[in-house]
Amino acid sequence: MNIIDGKAVSAEVKAKIREEIERDKLEVGLAVIIVGNDQASRVYVNNKKKACEVCGIKSYEYALPEDTTEQELLELVNTLNNDGKVNGILCQLPLPKHLNEERVIESISPLKDVDAFHAVNVGKIMIGNYAFLPCTPAGVMELIHSTGTEVSGKECVVIGRSNIVGKPMAMLLLHENATVTICHSRTKNLAEVCRRADILVSAVGRADFVTADMVKDGAVVIDVGMNRNAENKLCGDVKYDEVAPKCSYITPVPGGVGPMTIAMLMKNTLMAKKLQSNA
Ligand code: GUN
């Protein structure tokens, strides 16, 4: 069994980005919007700002109060859409309940949508003609590649069908010629389906969800979960201690997918700069 070191792989990606930005003397800016006081979102936003610093990208934080109106948020996005220093705009989710996430996402210029959440960019992912990479799925692909595992022709099972992870994850695997199954809460015989997987990606959001009986011997297991267990310790979806011995490769939580998501965000921000320079 081998542990995939997401921190090391992400550090390599960020170093390459920094090199390119320095070599070409680029001025790249990312606006990060956070609304309200969600603790987890605060941690993610801080990590994204730190990554910007590592890459030589300027970050501009907009921390808005919980009671921000949709109109105020949409006006901010509009200002940032028209700000030449801002190449990427990211609005940290989830938003407070009174704000419509879809409307906010759709208000971001598709050319600055570094999360690749806008319908235009989601459509491009579906076609395989990318402007921006979906960050978490693209990070997962890089981790799989880092193991030297061939994806083409493999049985891949994705647990979870969210717009952020499950659906685009399935698309990226499909683009690399995997045979892909998406499982979700209504899937029958989940363990049996998962046991077919040469590559199993879990994006459920429940601690200890993936158990040893769901994993084929020698599988590559990628854990996208970010949960807190009963002791408030950060953990993934996979019951690591019993699953890890069966795997050829497995990602830890923390230190697996999380750092890669952020590295892909940096890659998209640099891509945004280039897209806008050519526009
Ligand atoms: N909330 C959870 N994951 C993400 C992400 O990748 N981007 C944003 N903006 N919000 C999130």
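Above this text sits the structure in question.
A. The arrangement of the overall build of the chain in detail. Regarding its fold elements, the chain presents ten helices and eleven strands. Here the chain has a C-alpha radius of gyration of 19 Å; the compact-globule value for 279 residues is 19 Å, and the two agree. Structurally, the chain occupies a C-alpha span of about 50 × 45 × 35 Å along its principal axes. Residues classed as buried in the chain amount to 49% of the 279 residues present. A fraction of 70% describes how many contacts in the chain between residues 6 or more apart in sequence connect residues 24 or more apart. Of the roughly 13500 Å² that the chain leaves accessible, carbon and sulfur atoms contribute 50%. The chain carries 32 positive and 35 negative side-chain charges, and their two centres are separated by 1 Å.

B. Looking closely at the side chain of N87. One can find N87 in the loop between α3 (70-81) and β4 (88-91). Under the relative-accessibility criterion, N87 is labelled buried at 3%. Not counting residues within four places of it along the chain, the set of residues in contact with N87 comprises E27, V28, G29, L111, K112, T269, A272, K273 and Q276.

C. Spotlight on the packing of helix α2 (residues 39-55) against helix α10 (residues 257-278). At a minimum axis distance of 10 Å, the contact between α2 and α10 shows a crossing angle of 55°. The angle between α2 and α10 places the two elements in the oblique class. Taken as a pair, α2 and α10 cross one another with a handedness that is right-handed. Contacts between α2 and α10 involve N47, K48, A51, C52 and C55 from the former and I262, L265 and M266 from the latter.

D. Local environment of the site of the ligand. Close to the ligand lie K48, C91, Q92, L93, D115 and F117, which account for all nearby residues. Between the ligand and L93 there is a distance of 2.9 Å, counted from a nitrogen atom to a backbone nitrogen or oxygen. Interatomic distance of 2.7 Å between a side-chain N/O atom of D115 and a nitrogen atom of the ligand. If the ligand stood free it would expose 280 Å²; the protein chains cover 81% of that surface. For the shell around the ligand, the residue count by class is three nonpolar, one polar and two charged.

E. Inspection of the nonpolar core at higher detail. Among the nonpolar cores identified, the biggest contains 51 residues, and L30, L173, I222 and M266 are the most heavily contacted of them. With nine residues, α10 is the single largest residue contributor to this core. For M266, the contacting residues outside a window of four places in its chain are I17, L30, K48, A51, C52, C55 and I57. Judged by nonpolar contacts, the second largest core, of 18 residues, contains V193, V243, C247 and I250.

F. α3, seen in detail. Taking 1.5 Å of rise per residue, twelve residues should cover 16 Å, and α3 covers 16 Å from first to last C-alpha, within 8% of that figure. Along α3, the residues that are buried comprise E70, L73, L76, V77, L80 and N81. Buried residues of α3, viewed axially, fall in a sector of 140°; they line one side. Along α3, exposed side chains directed more than 90 degrees from the buried face belong to Q71 and T79. Those residues of α3 hidden inside the fold are in contact with β2 (29-35), β3 (58-64), β4 and α4 (101-107).

G. Main features of the side chain of N268. Mapped onto the elements of the fold, N268 is located in helix α10. For N268, a relative accessible area of 0% corresponds to the buried category. When neighbours within four sequence positions are excluded, N268 is seen to be in contact with V114, F132, L133 and C135.

The rules behind the values
- Residues numbered from 1 in each chain as written.
- Predicted model: local features only at pLDDT ≥ 70, side-chain atom pairs only at ≥ 80, totals over all residues.
- Heavy atoms only, no water.
- Helix = DSSP H or I, 4+ residues; strand = E, 2+ residues; numbered from the N terminus.
- Rg over C-alpha atoms; globule rule 2.2 N^0.38 Å.
- Buried < 20%, exposed > 50% of the residue type's maximum accessible area, 1.4 Å probe, protein only.
- Contact = heavy atoms within 4.5 Å.
- Areas by Shrake-Rupley, 256 points an atom, 1.4 Å probe, with all protein chains shown as cover.
- Lys, Arg positive; Asp, Glu negative; His and termini not counted.
- Charge placed at Lys NZ, Arg CZ, Asp CG, Glu CD.
- Axes fitted to C-alpha atoms, helices over the stretch in contact; angles between N-to-C directions.
- Parallel < 35°, antiparallel > 145°, perpendicular 65-115°, else oblique.
- Left-handed = near helix turned anticlockwise from the far one by under 90°.
- Near = heavy atom within 4 Å.
- Polar contact = N/O pair within 3.5 Å; in protein donor to acceptor, adjacent residues only side chain to side chain.
- Nonpolar A, V, L, I, M, F, W, Y, C, P; charged D, E, K, R; others polar.
- Core = buried A, V, L, I, M, F, W, Y, C linked by side-chain atoms within 4.5 Å.
- Expected span 1.5 Å × (residues − 1).
- Arc of directions from axis to C-beta.

Keep in mind that these numbers describe shape and distance, not what the molecule does.
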